[in-house]
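Residue-level structural notes
Read off the chains here:
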Amino acid sequence: MRSVPAPIEQRPPSVAHLFLSRVKATPDREAYRYPAPADDLDGEPGAEQWRSLTWTQTAQRVKAVAAGLVTLDIRAADRVGIASETRMEWIIADLGTMCAGAATTTVYPSTNADETAYILADSGSRALFAENERQLTKIIATKDQLPRLKHVILFDAPAGPVSAEGLNILTLAELEHHGTTHLKGHPDAVDNAVGTIDGRQLATLIYTSGTTGRPKGVFLTHDGLAYQGVAQAGSELIHADDVQFLWLPLAHVFGKALISGQIHTGHVLAVDGRVDRIGHNLQVIRPTAMAAVPRIFEKVYNGIAAKARADGTVKHRVFRWAASVARAYARTTEAARIATGKESAPWSLKLQHTLADKLVYAKIRAAFGGRLRHAISGSAPLAPELGYFFAGVGVRILEGYGMTETSGGVIVNRAHDLRTGTVGVALPGFEVRIDQDGEILLRGPGVMRGYHNLPDASAEALTDDGWLRTGDIGEVDTDGFLRITDRKKDTFKTSNGKYVAPSEVEGKFRAACPFASNILLIGSSRNYCTALIALDEAAIMSWAAEHGIGDRTYAEVVATEEVRQLIETYVQRVNNDLQRWQTIKEFTLLPRDLDVEHGELTPSLKIKRPVVERTYAELITAMYAGTQEA
């Protein structure tokens, strides 16, 4: 089936054009909020306060950066890397790079030195914005691999003098000073640079983290990123009066696309990428909109469930009852809306929902700041049971779908027509088609021009008539809603000839088990399915403390028979809802969670299946011991 693209209004040729237009339209409105050290010298060490920038103040810094890059001989389409956590300076550097007519190369700050060098060398980056000396150390260690890199601009000033042969090292403040000085003699330098940008010109190279092999640089155009801003606003995902909280990594396309939407709409964006501060920041910012990956919502749910359990049997029972009411209420009202256009539920369910709201739901909404209109979820599948829970609580999660190769999200649920279990309908201007083998094909203004320096891979991903092969399997219903069923390369066939979509089983388990962190279903060419399961450390250690084994380490706790029996109950619960060939016959609890540092997760928290299977090959073999495998 194929969806029909909706029309989209005329859009500017680049985010740089979009930005300058926004500054002109609302110069004195607040644009950004960000944490900074408190000015009060009598305050506690490390104390912070949130500061603001208007659009005019932002433009002054952005233009100074752009002009500063010009003084470094950075020209149109030259690549400029950014290796940093999400913070205000990242946005200033990115916009400054694009306003100079150059192109950003994004690098996750957690990327090791070898892969950082590969990305910067493959992209041909001539300059790099580095967050701190830790990032600079990677560059110095691999300098011989980076013949084109000439300049490193540090966000955080170093503790003392630093130098490296062949590198011009300066701070962001120094670059802005050089740029401000240059603008005094050439006041139109930035406007002229923006005026020469062509929409099909390279704006950003984002290297897909990949689950196998070296990452691929995705060629994203100025036009494609500008499209994101117009499409998001046109779909009413964001409003001009919103306060949006941005913590997502800006090296990932999800976070970067949100900046385009914010610039087009002009709402306030509060920026802080420190994951350990999310809970605190929600209380300070009190956002009306935010975006996150499913793992965050899973952790929130697990944390709520763990606290209820720790508060005693009565409160735990109340929470479990309230959770079941939330899911029932969300299912019922959603079904009524789809059938009649109006949300409704039986009076008895409404009564239970009202009571549960007073006892439980209001506190959950308060944990999100109390003003959250909705949250957008992307990058990985959201378990429907989790979606129903939060919808019933009053925090609607709008699941969407997109790729680095599409400049961000291109399919998303709308608040007024949420269909849990789907990723929604296409944004204006995008088409969706399901190929004969079930693969999802996409076509629209955000699709990449190809993979940098990889013509064969580009030809494999893009058809002659502009369709992008996503590698995902899905189906589109009669109303245009897309449902993702699995990754094409992840779907496997058992030795009995039965096809299994692992993400479906894995999603059901994560939704059912409040202790789950990561799960990997195994079964390709084998006669039954097994699973490697990693537990959420905070949740299981809380349970362990309640059951008299809290003095042990995480690895010791998950190795106990008590924990195995606990998880066994959730495995059986999931198995009861599966086809026989999908069921988990054996499982192994891992001695630690999967993580980025061990190479088992990508920076966007996707499991690198081949890596995990190699690492735990002996455990997998043991689960099939004594069976005849195909």
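Look up a bit, the structure's there.
Residues numbered from 1 in each chain as written. Predicted model: local features only at pLDDT ≥ 70, side-chain atom pairs only at ≥ 80, totals over all residues. Heavy atoms only, no water.

1. A look at the pairing of strand β8 (residues 202-207)
Across the six residues of β8, six count as buried, placing the element largely inside the fold. Strand direction decides the pairing type here: strand β4 (residues 103-107) and β8, joined by three bridges, are parallel. Residue pairing in the sheet places Thr104 in a bridge with Thr204 of β8. Pairing analysis gives five bridges linking β8 to strand β9 (residues 217-221), with the strands arranged antiparallel. From the neighbouring strand, Tyr207 faces β9, where its bridge partner is Gly217. (Buried < 20%, exposed > 50% of the residue type's maximum accessible area, 1.4 Å probe, protein only. Helix = DSSP H or I, 4+ residues; strand = E, 2+ residues; numbered from the N terminus. Pairing = 2+ DSSP bridges.)

2. Remarks on the packing of helix α1 (residues 15-25) against helix α3 (residues 88-99)
Viewed as axis vectors pointing N to C, α1 and α3 meet at an angle of 110°, and their least axial separation amounts to 8 Å. The pairing of α1 with α3 is recorded here as roughly perpendicular in orientation. Between α1 and α3, the contacting residues are Val15, Ala16 and Phe19 on the first element and Leu95, Met98 and Cys99 on the second. By residue class, the composition of the contact of α1 with α3 is six nonpolar, no polar and no charged. (Axes fitted to C-alpha atoms, helices over the stretch in contact; angles between N-to-C directions. Parallel < 35°, antiparallel > 145°, perpendicular 65-115°, else oblique. Contact = heavy atoms within 4.5 Å. Nonpolar A, V, L, I, M, F, W, Y, C, P; charged D, E, K, R; others polar.)

3. Here we look at the side chain of His267
Looking at the element boundaries, His267 is found in the loop between α9 (253-265) and β11 (268-271). Engagement of the side chain of His267 in a polar contact is seen with the side chain of Gln244, the distance being 2.7 Å. Among all residues touching His267, those that are not within four sequence positions of it are Ala31, Trp55, Ile238, His239, Ala240, Asp242, Gln244, Gly261 and Gln262. (Polar contact = N/O pair within 3.5 Å; in protein donor to acceptor, adjacent residues only side chain to side chain.)

4. A look at the packing of aromatic side chains
For any pair of aromatic rings, the description consists of the separation of the ring centres together with the inter-plane angle of the planes. This structure, assessed with the given rule, holds 12 aromatic pairs. On the numbers, 5.9 Å between centres and 45° between planes, the contact of Tyr301 with Phe319 is tilted. Residue Tyr301 is located in helix α11 (residues 294-310), and its partner Phe319 is located in helix α12 (residues 313-340); the two are separated by 18 residues in the primary sequence. Of the two residues, Tyr301 and Phe319, both sit in the buried class. Feature note: the residues Phe297, Tyr301, Phe319, Phe368, Phe389 and Phe390 constitute an aromatic cluster, connected by ring pairs. Positioned above the aromatic ring of Trp581 is the side chain of Lys498, whose terminal nitrogen or guanidinium carbon lies 4.5 Å from the ring centre. (Phe/Tyr/Trp six-rings, centres within 6.5 Å; stacked < 30°, edge-to-face > 60°. Lys NZ or Arg CZ within 6 Å of the ring centre and 35° of its normal.)

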